[in-house]
Structures are given as structure tokens and as C-alpha cells.
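# Structure at a glance
Spelled out from the first residue to the last, the chains are:
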Amino acid sequence: MVSYKELGLVNTKEMFAKAVKGGYAIPAFNFNTMEQMQAIVQAAVETKSPVIMQVSKGARKYANPTILRYMAQGAVEYAKELGCANPQIVLHLDHGDSFETCKSCIDSGFSSVMIDGSSLPYEENIALTKKVVEYAHAHDVTVEAELGVLAGVEDEVCAAESHYTKPEEVIDFATRTGCDSLAISIGTSHGAYKFTPEQCTRDPQTGKLVPPPLAFDVLAAIEEKLPGFPIVLHGSSSVPQDEVDTINKYGGKLPDAVGIPEEQLRKAAASAVCKINIDSDSRLAMTAAIRKHFAENPGHFDPRQYLTPARENMKKMYIHKIMNVLGSNDKL
Ligand SMILES: [Zn+2]
């Protein structure tokens, strides 16, 4: 049993309270590789931002749970080495699918876990979430729950269609489970193909797809029921067109990839939304830089040659999100 406190990590309690009050959101960046971890820490330190480093079930399978946990510990030490005296880094389990997975993460040094019972019937979601909350809170670990279903595909999480969170259920759910934050469904979606072309309109000038707007009326109704309660948005990558264009220019094939416009996320961050999950944008930034590098340097084969620009491009994206979308800079 390792407590996250021994690793220098923090839970989300204080940072969410400050974010809700301050009208900004904490970035939750998924990571699987050392280069992503380095880019996340460098971006957070340079912008003086708290940060959530999150690990999905797929990431644990890819990188190995033990390695990821030591990477999070390394992230704290690395942040200090870069000059941050008091780093605020959370190690969070993204989409925990069972009590056992959550328990194993808590026992191995995670400071926050998500239990995703959103595909279960309402009462079963409550029972499962409550069980995780009881174990987590006994170890001072915070819990994110989910109500409502997001569409899209990412790692093992997959749903064909979305169901918006029902505002009339949130008080009952939050009270009975004791969860610390709630992921809601208001039209965000997992993956790089968040909407089909049929769900979008086309900009007559550029021919690019324009996604449907988020359901801010649902968000407002939830905030009215649970004033000041931390709300989480999943599936909130913006799928930057320049990265998609670079990928396609250098041999990739991502037709009609579309994400959530940043002005909508900016609006959400100013509300009770205090955690915004970004995964696909990092994948796109990495892939675009690598494809471009190989096209321009066909003779390169040292991974450091192409992973250096990949890491730089991810860092640039993380800094942009922190400063221009979430507003979590200068909070340490
Ligand atoms: Zn998610």
C-alpha cells in the first residue's frame, strides 16, 4: 500500500474548489509515454498551472500500471527540478470500470479515481459509486462519477449515442454517492471523430465541418441544482484543424475529423466546469510532428530525432490550452 501523499501528489479537493470559485478549469491530460509526461510537466511548470495527469485502462495496459505510477512520482520530482517549489499534480484514473480497479489504483498511489457507472441502470450506478467513494475517502482520495452517456470511442470506452445528463437526477446522485465531482454529458464526445458529417453543418466559406453546439441549457440547469459542485467535461479535445491538415498533408488519412470548438470550452471553463479532459489533441500533435519530421528527414531513424519535435509540439498545445482555453495559468 502506497499513499499518494508519499509520492508528493495531491487530490482534487482544494484545486477544484479554487477553480469553481475562480471561473477556470484544471487541465486533465491523458498520458501513456515519457514524452507526454515530460511535455505535460514542462507546460504546467512554465505556466504555473495545477494539472491532472490521467491514466485510462488502455494506458495501464499499454505502459504497465507500476511504470505509470512511478512516472507520476517522477513528474513531481521533475517539476521541482524545473523550479516549481510546490507542484500541484494529481494522478487520476480515467474511466475506472470496477471497484477492484479503483481500489488497486488507490492502493498503489493514485490521488483521484473515476468510477464510470454511466452505462449501468441508475440505482446500480449509485451503489457502485458509493462503494468506491467509501473506500477512496477512507484514504483521502477524491472520486469522480458520471451521470449521462457520452458518444464516441476512446480506448475501451465506447457508446453509439449520447444521453444528456438529467438535471433532475443530480442532487439525488451526488448526495447519495458522496462523489467529489461529476462528469456530465452535454454534447461533448470521445475521440477525434466526435460528430458525423450529418450531425454538423458546413461552413459555406471554408467547406469545413461545424459541430453542433454544447447544451449549455443543461449545464445551467445542473449548476442551479448543485451550486458550486465541481463538474467535469470528458471528450473535450478541439481536434485542431492545422494538426489534422499536417497529418493529411504528410501521408495521413483523417477525413472529417472534428472536435469541440475552443470558444465553447472557454465558456464552460468559466462556469462550474472545473476539469476538462483532453486526450485526442495530444495524440494529434504528436502524430503531426512525427509525420512531418519523417517526410522532411527520410534518413532519420533515431527515435530522439522525431520524438523531440513531437514532445515540443505537444508542449505547445498544452500551454495553449492552459493559457487560452482553461485559464488555469498563474494559479500556483
Ligand atoms: Zn472520458
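Look above for the structure.
Described below are features of the structure shown in this document.

What counts and how
Residues numbered from 1 in each chain as written. Predicted model: local features only at pLDDT ≥ 70, side-chain atom pairs only at ≥ 80, totals over all residues. Helix = DSSP H or I, 4+ residues; strand = E, 2+ residues; numbered from the N terminus. Buried ≥ 20, exposed ≤ 12 C-beta atoms within 10 Å, placed from the backbone. Contact = placed C-beta atoms within 7 Å. Axes fitted to C-alpha atoms, helices over the stretch in contact; angles between N-to-C directions. Left-handed = near helix turned anticlockwise from the far one by under 90°. Nonpolar A, V, L, I, M, F, W, Y, C, P; charged D, E, K, R; others polar. Core = buried A, V, L, I, M, F, W, Y, C linked by C-beta atoms within 7 Å. Expected span 1.5 Å × (residues − 1). Pairing = 2+ DSSP bridges. Arc of directions from axis to C-beta. Right-handed = clockwise from strand over helix to strand, strands pointing away.

Time to look at the environment of His-293. On the secondary structure map, His-293 appears in helix 12 (residues 280-296). You can call His-293 partly exposed: it has 19 C-beta atoms within 10 Å. Taking the C-alpha atoms as reference points, His-293 and Ala-192, separated by 101 residues in sequence, lie 22 Å from one another. Setting aside residues up to four positions removed in sequence, His-293 forms contacts with His-300, Tyr-306 and Pro-309.

Below, the discussion takes up the packing of helix 12 against helix 13 (residues 303-326). Helix 13 packs onto helix 12 with a crossing angle of 145 degrees between their chain directions and a minimal axis gap of 8 Å. The two elements helix 12 and helix 13 meet at a crossing, and its hand is right-handed. Only Tyr-306, Pro-309, Ala-310, Asn-313, Met-314 and Met-317 of helix 13 make contact with helix 12, whose side of the interface consists of Asp-281, Ser-282, Ala-285, Met-286, Ala-288, Ala-289, Ile-290, His-293 and Phe-294. The residue makeup of the contact of helix 12 with helix 13, split by class, is eleven nonpolar, three polar and one charged.

Of all hydrophobic cores here, the largest spans 91 residues; its most connected members are Ile-40, Met-53 and Val-113. Counting residues per element, this core draws most heavily on helix 13, which supplies seven residues. In this structure, Val-113 is in contact with His-92, Leu-93, Gly-96, Cys-102, Cys-105, Ile-106, Val-132, Ala-136, Val-141 and Val-143, ignoring residues within four places of it in sequence.

With that out of the way, let us pick up helix 7 (residues 122-138). If you check helix 7, its first and last C-alpha atoms are 24 Å apart, about what 17 residues at 1.5 Å a residue would give, namely 24 Å. Each element contacted by the buried residues of helix 7 is listed here: helix 6 (99-107), strand 4 (112-115), strand 5 (142-147) and helix 8 (170-177). In the segment just after helix 7, Asp-140 is the residue with positive phi, at about 60 degrees.

A few words on the environment of Cys-102. As for its placement among the helices and strands, Cys-102 is situated in helix 6. Along the sequence, Cys-102 and Glu-146 sit 44 residues apart, while their C-alpha atoms lie 14 Å from each other.

Attention now goes to the sheet that holds strand 13 (residues 273-278). Overall, parallel pairing links the eight strands, which are arranged 1-2-3-4-5-8-12-13 in a closed barrel. Adjacent strand axes in the sheet meet at a mean angle of 25 degrees when their direction is disregarded. Alignment of strand 8 (residues 181-184) against strand 12 (residues 231-233), held across three bridges, turns out to be parallel. In the strand pairing of strand 12, Ala-183 is matched with Val-232. The sheet contacts of helix 2 (residues 13-22) involve strand 1 (26-30), strand 5, strand 8 and strand 13, and relative to strand 13 the element is tilted by about 110 degrees.

Okay, helix 5 (residues 65-81) next. Look at helix 5: 24 Å from first C-alpha to last across 17 residues, which is about the 24 Å you get at 1.5 Å a residue. Among all positions of helix 5, only Leu-68, Arg-69, Met-71, Ala-72, Ala-75, Val-76 and Ala-79 are buried. Each buried residue of helix 5 lies within a common arc of 155 degrees when the element is viewed along its axis, so the set occupies one face. Relative to its buried face, helix 5 has exposed residues pointing more than 90 degrees away, namely Thr-66 and Glu-81. Residues of helix 5 that are buried make contact with helix 1 (4-7), helix 3 (34-47), strand 2 (51-55), helix 4 (57-63) and strand 3 (89-96).

What follows deals with unusual backbone geometry. Excluding glycine, residues mostly carry a negative phi; peptide bonds, for their part, are mostly trans. One non-glycine residue, Asn-64, adopts positive backbone phi at about 95 degrees. Inspection of the secondary structure assignment puts Asn-64 in the loop between helix 4 and helix 5. For Asn-64, a count of 12 C-beta atoms within 10 Å translates into the label exposed. Of note, the phi angle at Asp-140 is positive, near 60 degrees, even though the residue is not glycine. As for its position among the elements, Asp-140 is in the loop between helix 7 and strand 5. For Asp-140, a count of 13 C-beta atoms within 10 Å corresponds to the partly exposed category.

Here we take up the environment of Asp-94. Of note, Asp-94 is situated in strand 3. C-beta crowding within 10 Å serves as the criterion here: with 27 such atoms nearby, Asp-94 is assigned to the buried category. C-alpha separation for the pair Asp-94 and His-137, spaced 43 residues apart in sequence, amounts to 18 Å.

Summarising burial for strand 3: eight of the eight residues are buried, a large majority. Bridging between strand 2 and strand 3 involves five bridges; their strand directions are parallel. Residue pairing across strands places Met-53 opposite Leu-91, the latter belonging to strand 3. Sheet topology note: the strand 3/strand 4 ladder contains three bridges and is parallel. The residue of strand 4 that forms the bridge with Gly-96 is Ile-115. For the crossover that starts at strand 3, traverses helix 6 and ends in the parallel strand 4, the hand is right-handed.

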